[in-house]
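Reading the structure
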Amino acid sequence: MTVTTFDPESSVSLTAAAEKYFAAKLAALSGNLIRLSTKESGCTGFAYVLDIVEKAEEQDTVLSFGDVTLAVDAESMAMLSGTEIDLVREGVNQVVKFNNPNVVAECGCGESFSVS
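Residues numbered from 1 in each chain as written. Predicted model: local features only at pLDDT ≥ 70, side-chain atom pairs only at ≥ 80, totals over all residues. Heavy atoms only, no water.

1. Topic: helix α1 (residues 16–26)
Of all the residues in α1, the buried ones are Ala18, Phe22 and Leu26. Angular distribution of buried residues about the axis of α1 spans 65°; they occupy a single face of the element. Seen from the open side of α1, the exposed residues pointing more than 90 degrees away from its buried face are Ala16, Lys20 and Ala24. (Buried < 20%, exposed > 50% of the residue type's maximum accessible area, 1.4 Å probe, protein only. Helix = DSSP H or I, 4+ residues; strand = E, 2+ residues; numbered from the N terminus. Arc of directions from axis to C-beta.)

2. Some points on the sheet that holds strand β7 (residues 93–99)
The mixed open sheet is built from three strands, whose spatial order is β1-β6-β7. Every interior strand has two partners, whereas the edge strands, β1 (13–14) and β7, have only one. Bridge count for β1 against strand β6 (residues 84–90) is two bridges, and the pairing is parallel. Among the inter-strand pairings, Ser13 is bridged to a residue of β6, identified as Glu84. Along the sheet face, α1 touches β1, β6 and β7 and points at about 85° away from the line of β6. (Pairing = 2+ DSSP bridges. Contact = heavy atoms within 4.5 Å. Axes fitted to C-alpha atoms, helices over the stretch in contact; angles between N-to-C directions.)

3. Structural notes on the nonpolar core
Counting 18 residues, the largest nonpolar core has Val12, Leu70 and Ile85 as the members making the most contacts within it. Listed by contribution, the elements that provide at least two residues to this core are α1, β2 (33–41), β4 (61–65), β5 (68–72) and α2 (77–80). Excluding its chain neighbours within four sequence positions, the residues that come into contact with Leu70 are Val12, Ile34, Leu36, Thr61, Val62, Leu63, Phe65 and Ile85. (Core = buried A, V, L, I, M, F, W, Y, C linked by side-chain atoms within 4.5 Å.)

4. Some words on the packing of aromatic side chains
For the structure shown, the criterion picks out four aromatic pairs. When the centroid spacing of 5.3 Å and the interplanar angle of 65° are considered together, the rings of Tyr21 and Phe22 count as edge-to-face. A residue is classified by how much of its surface remains accessible, and Tyr21, at 27% relative accessible area, is partly exposed. Aromatic side chains Phe46 and Phe113 sit 6.2 Å apart centroid to centroid with 40° between the ring planes, which places their arrangement in the tilted category. Placement of the pair is Phe46 in strand β3 (residues 45–53) and Phe113 in strand β9 (residues 113–115), with a sequence separation of 67 residues. Three or more aromatic residues joined by ring pairs make a cluster, and in this case those are Phe46, Tyr48, Phe98 and Phe113. (Phe/Tyr/Trp six-rings, centres within 6.5 Å; stacked < 30°, edge-to-face > 60°.)

Purely geometric stuff here, so don't read any function into it on its own.
Given below as structure tokens:
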């Protein structure tokens, strides 16, 4: 058995705006949660993936933020460690933004990223 210490600095977090946004999305879907993962994509390497799912995968890290449960894919956790998820307004649009301290490069359109 191994013991790990939870370090909130190395976890994924939600801003108040993102928490409110996701809570509204989940309100009609009792028992569901948000799952964050990554996939190979774009010209830079990886893209963020947000899905509404019924349950977390067995190896996911499950985090609770008020009315929002966030499951983070175990295989993606190293590149997502320390990421803050925010909801920002850009003109008339709202956009989910990932403030990821591990990112070393992003493509010009912002759809993909790479980590060191």
